[in-house]
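Understanding the architecture of this molecule
Spelled out from the first residue to the last, the chains are:
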Amino acid sequence: MFIVKMQSITKRFGDVIANDHVNFQLKKGEVHALLGENGAGKTTLMRILYGLYHPDSGVIKVKEQPVVIHSPKDAIQLGIGMVTQHFALVPPLTVAENVVLGYQNSFVLNQTQIEESVAEAARRFGIEINPRAIVRHLSVGQRQRVEILKALYRNAEVLILDEPTAVLIPQEVDALFETLEHLKQEGLSVIFISHKLHEVTQITDRVTVLRDGKVVGTVNTADVTQKELAAMMVGREAFGVSRPDTAASAQKPVLELVNLCANDDKHLPVLKNVSLTVYEGEILGIAGVGGNGQKELAETICGVRQPTAGKIMVEGQDVTGKSPSELTKAGLGRIPEDRHEGLVQQLTVTENIVLEHLDEFTRNGVLDHKAIRHYANELIQQFQIKAKPNDLTRTLSGGNMQKVLLARVLSRQPKVIIAPQPTRGLDISATDYVRQQLLEQRQRGAAILLISEDLDEILALSDRIAVIYEGEIVGTLPAAEATPERLGLLMSGAVKEH
Amino acid sequence: MEAKRFPYQLVKTNTPPLWMRPLIPALILLTTFLITAGLILTAQVNPFQAYYYFLISPLSSQVSFLELLVKAIPLMLTGVAVTFAFATGYYNIGAEGQLYAGAIAAAWLGIVLGGLPPFLAIPLMIIGGFMAGMAWALIPALLKVRLAVDEVVTTLLMNSIMAYIVSALLNGPWRDPISGWPQSPEIAESTMFFKLIPRSRLHFGFIVGLVAIAVLWYVMTQTSFGLKMRAVGLGKTAAQFAGINVGRTTLIAALISGGIAGIAGVSEVAGIQYHLIGDLSAHYGYTGVIIATLGGLNAIGVFVASLFFGLIDTGAQTVSRAMGVPVYLGEFTQAVMLLVALGMYLLQRYRIVRRV
Amino acid sequence: MEVFLVNLIAATFRVSTPIVLAAIGETYSERAGILNLGIEGIMYFGAFVGFFVADKSGSLWLGLLIAILSGVLFGLLMGFFTVTLGVNQHVSGLGITLLLTGLTLYVFRLFYGGRTVPPSIPSFQTLKILPDNPILGPILSQYWLTYVTFLLIVPLAWWILYRTNFGLKIRSVGENPEAVDAAGISVPAVRYAALAIGGGLMAAGGAFLSLFQLGAFTHGIISGRGWVAIAIVIFGNWHPIRVMLGGLIFGGTFALQLRLQAMGLQLPIPYETFLALPYVVTIIALVIAGRNASYPAALLKPYRRE
């Protein structure tokens with residue numbers, strides 16, 4: 001019996017078609033994976049099922065009845081629960097209190113009663129958790145179990161897990177899989193969103209592969225190999241590289257990362273012995289599904305995050321642990337990943353442009369407004385920024401904001417350019433402009449480290465591609481050797497080429 | 001408590017409709033004075049007549065106009081002090097205590113520097129007050145920058161502690177030996193702020209206030225430190241990414257803020273009271289927060305706001321004398337103006353939209 | 001000596017009552033995520049309005065009731081600015097304090113202006129329980145509101161916060177409003193409720209001074225007790241019982257130095273040191289708690305659903 005049927009679901013966000021006539025069926029009692037890269041449409045589809053988005057067209061049926069899901073409340077009432085990567089937990093409260101929050105109608109909160117009730121639910125579903133524990137003291141894996149318990153406590157029959165292993169250490173992953181097995185036996189149906197092939201093949205019964213908003217295929221896990229899945233996930237019509245074919249120029253290393261290690265905000269290792277070299281006049285693209293350490297890699301190189309071990313060198317000079325301003329002086333062109341956080345929205349375009357190089361426009365502490373104006377005007381023209389110098393940055397479009405950042409960085413002729421997600425959220429013309437700029441810089445001889453979750457972008461721009469998976473570089477290859485299979489296997493952790 | 005579906009909701013718009021913008025200050029003033037008129041009516045007095053005495057007549061005579069300026073002096077200084085801090089994102093609510101720190105320094109230096117001629121004594125008084133205010137601002141500032149301890153509560157607590165220090169001084173070593181009053185010995189004549197206009201109350205502090213406003217303008221618009229301050233206040237992450245040392249910038253701004261509040265204390269002692277007394281400040285430190293906010297955290301705004309509040313303070317006294325309306329009308333009006341302004345500035349970024 | 005101690009203990013409860021009431025009120029507000037700097041103003045207005053209504057109507061009870069309602073009203077007003085409009089909490093709170101201070105003094109002057117002696121009314125009397133017992137007599141001779149505060153309100157405040165769903169929502173909203181929103185609970189509604197309760201308690205604290213302890217209203221009737229309450233909330237780690245203890249410590253210190261002064265004792269250090277000491281200790285407590293302070297995590301952040 002199909003407990004959930006999603007038929008011809010289409011969802012647009014502006015110009016982007018996130019889900020394109022997607023058909024998805026979930027059998028009762030199965031674990032079904034949704035596999036695909038970033039932007040494939042997996043999370044969008046599930047958010048539609050959970051009532052966070054409304055589809056533009058299509059039908060959803062739960063237990064063969066057509067339903068309209070306006071909000072998570074409706075979804076919960078239909079027996080659908082979702083666990084995302086951002087837990088909605090209140091740390092100082094106990095597990096039991098978190099589980100019952102919003103689910104109780106009584107005035108009095110009987111601690112013993114809720115603890116027993118939650119303990120019983122946990123027993124029934126085979127989830128090991130202490131209802132009296134304070135969430136703040138729990139590990140990430142345990143917190144995830146609380147989130148799962150929350151859904152089950154509300155009588156979920158369908159459980160959606162969005163990249164559940166992204167935040168877990170290996171032992172916790174095993175524990176999670178045990179729990180999922182147990183839930184299957186209890187008759188629950190599980191949808192497992194993932195980009196990690198080995199997990200998908202380990203735990204699931206069927207897999208639906210999405211790419212660019214469309215379903216590539218739905219297969220039984222037992223009937224398919226990892227290579228085939230990888231190809232489905234990543235395969236494209238045009239798998240060529242659209243970059244001028246200049247042979248590798250003078251092989252002068254400009255940026256070197258040597259065994260770089262770093263911890264994330266929870267003090268867990270997120271970069272594990274990352275070693276890379278970027279040469280003069282090349283673009284090295286870091287490919288990988290989001291959440292594998294790309295953000296932290298960019299932060300560490302840009303001086304926002306301190307590495308725990310390893311070295312960063314620019315033209316042989318050790319710049320490990322240096323401050324942002326020192327890095328800029330060393331010739332590192334740092335583009336922030338989030339342009340809304342990387343620009344001071346309430347300052348003018350001019351002010352943001354000069355913010356990184358105030359020393360040059362200051363004499364005895366006083367700003368040389370004339371020089372600043374001149375400089376800003378020049379850059380606005382050169383980079384075709386559609387804004388007046390005194391416009392507040394927050395009134396600019398995303399594309400123009402990105403141009404401001406590019407202007408700030410590229411006008412300095414940096415030796416190295418770090419470009420994390422440079423075209424995220426930009427429209428087509430802005431995206432083309434940014435990519436063009438990067439290519440021009442490459443022509444000029446800069447060493448560019450491009451970090452992008454958009455595989456098309458990586459393929460379009462990179463001379464060489466390095467794949468990052470769970471904080472490690474699992475393979476580096478020249479662009480010409482990047483086949484869908486090979487990349488797919490690397491990006492989904494199925495293979496490590498070191 | 002279910003999520004009640006209130007039929008209307010506030011939806012944020014990015015920029016308010018253009019026709020609204022010049023209207024806002026007018027709307028604020030109008031609403032404020034409507035509310036205050038309500039209060040005036042409780043005194044069984046004609047509001048229009050009251051408003052004449054409240055807002056117009058202080059401007060009509062020289063004496064009351066000068067009084068307006070006198071009342072504006074401490075507000076200019078605390079307004080500037082708070083602006084330095086708030087603009088950097090450092091919520092210094094401790095201007096009141098820092099003011100008294102400066103006042104203590106002035107009361108002490110006022111005796112010690114007695115032998116010096118005014119052109120030496122007065123600048124030294126000001127410097128001393130600045131350093132005292134800075135010193136009192138140091139602990140909360142360090143706690144914030146090094147240990148991320150919230151500055152609002154610490155600066156507030158420091159205000160209370162300073163009040164006790166002042167009380168201890170005035171009831172102890174600085175109690176007037178002759179009268180027994182809790183007031184410090186009178187400062188030497190050469191340390192007093194001279195009058196700008198003879199036989200009036202307008203003293204040198206007004207010049208100091210103007211200088212402070214000019215310094216605020218200069219630092220904020222012309223110096224690179226000022227740009228760094230604003231960047232930190234408006235976008236800490238971006239500022240840090242761009243290489244600005246957020247901790248250092250915050251610390252310096254906090255100290256400058258304390259110092260200028262200290263100068264406000266010096267001004268009251270050396271320009272008006274000539275002693276340290278317990279009631280030296282009529283909440284100038286807290287009103288400074290209102291002035292800074294209403295002034296939009298910029299020099300011109302602070303200047304206009306302090307003059308306007310000076311007008312309100314003077315006018316409240318005038319209408320009190322002339323019509324028996326209690327003088328506290330002034331404080332009330334100022335607070336109403338702040339709340340109305342806050343409400344309006346935020347309401348203009350929203351539209352009321354029918355919930356789907 | 002025993003007499004001194006007994007009287008000190010008695011005075012401690014009396015003096016601490018308004019502070020504890022206000023601090024419990026502020027605890028609820030901050031637990032929900034709002035730092036209410038309007039506390040000083042709400043206490044002031046509550047003290048006055050209670051007195052005023054009692055004076056004009058002849059009923060102390062009516063005065064107390066209206067005072068509490070005024071506190072609820074201004075708690076809701078604080079909610080309007082901070083929750084609905086999302087205005088900076090420090091500035092709104094200070095604005096409300098200045099508003100209420102100005103309003104109080106205005107109305108006071110209007111109706112009672114020009115007197116040399118502050119107006120007074122017959123206040124609530126203390127309850128005489130075991131009046132002949134030399135030790136318990138003075139200690140138990142407290143106002144009914146003092147009994148209610150320590151025996152009813154503080155335990156009730158604890159119980160509501162930790163043993164009811166309502167309290168659970170308040171605690172959650174101040175830590176992680178997104179989680180509360182995700183659970184289908186209205187974040188604004190919970191915050192408004194907490195502010196209303198807080199305001200009512202703060203005003204009751206103010207009214208205690210005018211309707212019980214003094215039977216009069218004076219200019220300086222509050223003089224900073226609101227800020228003391230804020231310090232105590234931190235000192236007590238946002239926990240009603242500990243807040244009460246903090247209030248007793250502050251109150252005891254205050255009562256102690258009053259007694260020492262009255263005895264004419266000459267100490268090498270000024271009396272103000274005792275008064276200032278609790279504030280210094282609070283700052284030190286903040287430093288020690290440091291980054292791990294049990295500050296409600298969402299304190300001071302307006303919540304906007306993305």
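Residues numbered from 1 in each chain as written. Chains lettered and ligands numbered in written order. Predicted model: local features only at pLDDT ≥ 70, side-chain atom pairs only at ≥ 80, totals over all residues.

**A few points about the overall build of chain B**
- Counting its secondary structure elements, chain B contains 13 helices and two strands.
- Its C-alpha atoms give chain B a radius of gyration of 22 Å, within 12% of the compact-globule value 21 Å for 356 residues.
- By principal-axis analysis of the C-alpha atoms, chain B measures approximately 75 × 60 × 45 Å.
- Out of the 356 residues belonging to chain B, those deemed buried represent 54%.
- Of the contacts formed within chain B by residues at least 6 apart in sequence, a portion of 79% connects residues at least 24 apart. (Helix = DSSP H or I, 4+ residues; strand = E, 2+ residues; numbered from the N terminus. Rg over C-alpha atoms; globule rule 2.2 N^0.38 Å. Buried ≥ 20, exposed ≤ 12 C-beta atoms within 10 Å, placed from the backbone. Contact = placed C-beta atoms within 7 Å.)

**As for the overall build of chain A**
- Helix and strand counts for chain A come out as 17 helices and 22 strands.
- A globule of 498 residues ought to have a C-alpha radius of gyration of about 23 Å, and chain A, at 25 Å, matches this closely.
- Judged by the C-alpha coordinates and their principal axes, chain A covers about 70 × 50 × 45 Å.
- For chain A, long-range pairs separated by at least 24 residues make up 68% of all intrachain contacts whose partners lie at least 6 apart in sequence.

**A look at the domain arrangement of chain A**
All names here are of chain A.
- Split by domain assignment, chain A resolves into domain 1 (2-234), domain 2 (237-331 + 415-498) and domain 3 (343-413).
- The centre of domain 1, based on its C-alpha atoms, is set 32 Å off from the matching centre of domain 2.
- Those elements giving two or more residues to the side of domain 1 that touches domain 2 turn out to be helix H7 (197-203) and helix H8 (226-234).
- By residue number, the principal contributor to the side of domain 1 that touches domain 2 is H8, which donates six residues. (Domains from an automatic or database assignment.)

**Observations concerning unusual backbone geometry**
All names here are of chain A.
- Phi at Glu64 is positive, roughly 70°, even though this residue is not glycine.
- Unusually for a residue other than glycine, Gln384 sits at a positive phi of about 55°.
- Tracing the chain through its elements places Gln384 in the loop between helix H13 (369-382) and helix H14 (398-410).
- Exposure remark for Gln384: the 11 C-beta atoms within 10 Å place this residue in the exposed category.

**What about helix H3 (residues 60-84) of chain C?**
- The terminal C-alpha atoms of H3 of chain C, which comprises 25 residues, lie 35 Å apart, in line with the 36 Å expected from a rise of 1.5 Å per residue.
- Of the residues trailing H3 of chain C, Gly86 of chain C is marked for its positive phi of about 75°. (Expected span 1.5 Å × (residues − 1).)

**Looking at the nonpolar core**
- Grouped together as the largest cluster of nonpolar side chains are 380 residues, with contacts concentrated most on Leu450 of chain A together with Ile104 of chain B.
- When sequence neighbours within four positions are dropped, the list of residues in contact with Ile104 of chain B reads Ala132, Val166, Leu169 and Leu276 of chain B. (Core = buried A, V, L, I, M, F, W, Y, C linked by C-beta atoms within 7 Å.)

**Considerations on the interface of chain A and chain B**
- Across the contact, 22 residues belong to chain A and 16 residues belong to chain B.
- Every element with two or more residues in the side of chain A that touches chain B is listed here: helix H10 (324-329), helix H11 (339-342) and strand S18 (366-367) of chain A.
- Per-element tally for the side of chain A that touches chain B: the top contributor is H10 of chain A, with three residues.
- In terms of residue class, the side of chain A that touches chain B is made up of 10 nonpolar, nine polar and three charged. (Nonpolar A, V, L, I, M, F, W, Y, C, P; charged D, E, K, R; others polar.)

**Topic: the sheet that holds strand S19 (residues 416-420) of chain A**
Residues and elements named next belong to chain A.
- If you trace the six strands from one edge of the open sheet to the other, you get S16-S19-S20-S13-S21-S22, paired in mixed fashion. Each edge of the open sheet is held by one strand with a lone partner, namely strand S16 (332-334) and strand S22 (472-478). Averaged over all neighbouring strand pairs, the angle between strand axes comes to 20°, with direction disregarded.
- With six bridges joining them, strand S21 (residues 464-469) and S22 adopt antiparallel strand pairing. The residue of S22 that forms the bridge with Arg464 is Pro478. (Pairing = 2+ DSSP bridges. Axes fitted to C-alpha atoms, helices over the stretch in contact; angles between N-to-C directions.)

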